[in-house]
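Structural description and commentary
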Amino acid sequence: LKSTCVLNVPFQIYEDDFSFIVNGEEFRTSRIISDLLSPIISKIHLTDPTFNTFIINTHVKGDFSYILSLASFNQINIPESEVPFISEVVEILNNDSIKYLDKNTEITKDNVFSLIRFHEKFHSYNSSLLSKEIDFISSHFHELCEHKEEEFLSLSFDTIFRIINNKKLRLKTEDQLLKFINAMYSENSEYSILYETVLFDNVTTQSI
């Protein structure tokens, strides 16, 4: 039996016997759709078939109907204003099968930091976009690290670590990387682990 046959199942005719309570508002659907939308819910149903309510509280308000519409297995156009809410809900549902297709925003030296800060918040939902942005910063690191130090400090430690360990990292010299890490460490000793990424054989005596 091919997994694609699930596309022919008329989910809309099943009884609405499950409730999502999203920021105090009730959204009813079937248990089978709730299982499709959230691995967490389907796991609970394995041990408790009577479980019929899942509560979601988000920092950003939005329309949960967009999430329920995903059960049609069709691509859905979501207003940009809804993206923070949808991203937060997808994190809560823990569903890595929900994919976000970005509108192909061009990554530039001027917007890459703001894009990363947004996608960091919902990294599992935007993992592919975040990876592209990290690749971009790594490939332009030799330019950005000299003039965007404060911007780097606004990123998470994990992101900075991924930037420096990226195979696309471009440096003018190894001294440049050491100087950057020194600046990061002077702000937060947590960055001391980044020293392990420096090839000290390539650092000048003066910098050491």
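Everything below is about the structure shown above.
Scope of this entry: the structure provided in the associated data block.

What counts as what
Residues numbered from 1 in each chain as written. Predicted model: local features only at pLDDT ≥ 70, side-chain atom pairs only at ≥ 80, totals over all residues. Heavy atoms only, no water. Helix = DSSP H or I, 4+ residues; strand = E, 2+ residues; numbered from the N terminus. Rg over C-alpha atoms; globule rule 2.2 N^0.38 Å. Buried < 20%, exposed > 50% of the residue type's maximum accessible area, 1.4 Å probe, protein only. Contact = heavy atoms within 4.5 Å. Areas by Shrake-Rupley, 256 points an atom, 1.4 Å probe, with all protein chains shown as cover. Lys, Arg positive; Asp, Glu negative; His and termini not counted. Charge placed at Lys NZ, Arg CZ, Asp CG, Glu CD. Arc of directions from axis to C-beta. Pairing = 2+ DSSP bridges. Axes fitted to C-alpha atoms, helices over the stretch in contact; angles between N-to-C directions. Left-handed = near helix turned anticlockwise from the far one by under 90°. Nonpolar A, V, L, I, M, F, W, Y, C, P; charged D, E, K, R; others polar. Salt bridge = Lys/Arg side-chain N within 4 Å of Asp/Glu carboxyl O. Patch = residues over 30% accessible without salt bridge, like charges linked within 9 Å, V, L, I, M, F, W, Y side chains within 5 Å.

1. With respect to the overall build of the protein chain
- Secondary structure assignment for the protein chain yields 10 helices and 3 strands.
- Moving toward the C terminus, one meets the helices and strands of the protein chain in the order β-β-α-α-β-α-α-α-α-α-α-α-α.
- What you see for the protein chain is a C-alpha radius of gyration of 22 Å, clearly larger than the 17 Å of a compact globule of 208 residues, by over 25%.
- For the protein chain, the C-alpha atoms occupy an extent of roughly 75 × 35 × 35 Å along the three principal directions.
- Within the protein chain, the proportion of its 208 residues that are buried is 37%.
- The long-range fraction of contacts in the protein chain, counting pairs at least 24 apart against all pairs at least 6 apart in sequence, stands at 61%.
- For the protein chain, the exposed surface amounts to about 12600 Å²; the carbon and sulfur share of it is 50%.
- In the protein chain, 18 positive and 31 negative side-chain charges are present, and the distance between their average locations comes to 5 Å.

2. Observations concerning helix H9 (residues 157–164)
- Within the sequence span of H9, burial applies to Thr159, Ile160, Ile163 and Ile164. On an axial view of H9, the arc spanned by its buried residues comes to 130 degrees, and they lie on one face.
- Check the buried side of H9 and you find it contacts helix H5 (112–121), helix H6 (127–139), helix H7 (141–147), helix H8 (149–153) and helix H10 (174–187).

3. Description of the pairing of strand S3 (residues 53–56)
- By the alternation rule, side chains of S3 split into Phe54 and Ile56, which are all buried, and Thr53 and Ile55, of which none is buried.
- Here strand S1 (residues 18–22) runs beside S3; their pairing, made up of 4 bridges, is parallel. Counterpart to Ser19 in the pairing with S3 is Thr53.

4. Quick notes on the packing of H5 against H6
- Between H5 and H6, the least distance of the axes is 10 Å, while the angle of their chain directions is 145 degrees. The chirality of how H5 crosses H6 is left-handed. Only Leu129, Leu130, Glu133, Ile134, Phe136 and Ile137 of H6 make contact with H5, whose side of the interface consists of Val112, Phe113, Leu115, Ile116, His119 and Glu120.
- In terms of residue class, the contact of H5 with H6 is made up of 9 nonpolar, 1 polar and 2 charged.

5. A short note on the sheet that holds S1
- Taken in spatial order, the 3 strands line up as S2-S1-S3 in an open sheet, and their pairing is mixed. This sheet does not close on itself; its edge strands, each paired only once, are strand S2 (25–29) and S3. Within the sheet, the average angular offset between the axes of one strand and its neighbour, ignoring direction, is 20 degrees.
- Most of the contacts of helix H4 (residues 83–93) go to S3, to which it runs at about 135 degrees, and overall it touches S1 and S3.

6. What about the pattern of salt bridges?
- In total, this model carries 6 salt bridges according to the counting rule given.
- With a closest N to O distance of 3.4 Å, Arg31 and Asp17 form a salt bridge. One end of the pair, Arg31, is in helix H1 (residues 31–37); the other, Asp17, is in the segment before S1, and 14 residues separate them in sequence.
- A relative accessible area of 24% places Asp17 in the partly exposed class.
- Between Glu151 and Arg117 there is a salt bridge whose closest N-O contact spans 3.0 Å. Of this pair, Glu151 sits in helix H8 while Arg117 sits in helix H5; the two residues are 34 residues apart in sequence, bridging distant segments of the chain.
- Look at Arg117 and you get partly exposed, because its relative accessible area is 29%.

7. With respect to a nonpolar patch on the surface
- On the surface, a cluster of nonpolar side chains totalling about 570 Å² of accessible area is made up of Leu7, Ile13, Tyr14, Ile32, Leu36 and Phe73.
- Its relative accessible area of 41% is what places Phe73 among the partly exposed residues.

8. So, the side chain of Glu88
- For Glu88, the position within the fold is in helix H4.
- Buried and without a salt bridge, Glu88 has Lys61 as its closest oppositely charged side chain, separated by 8.7 Å.

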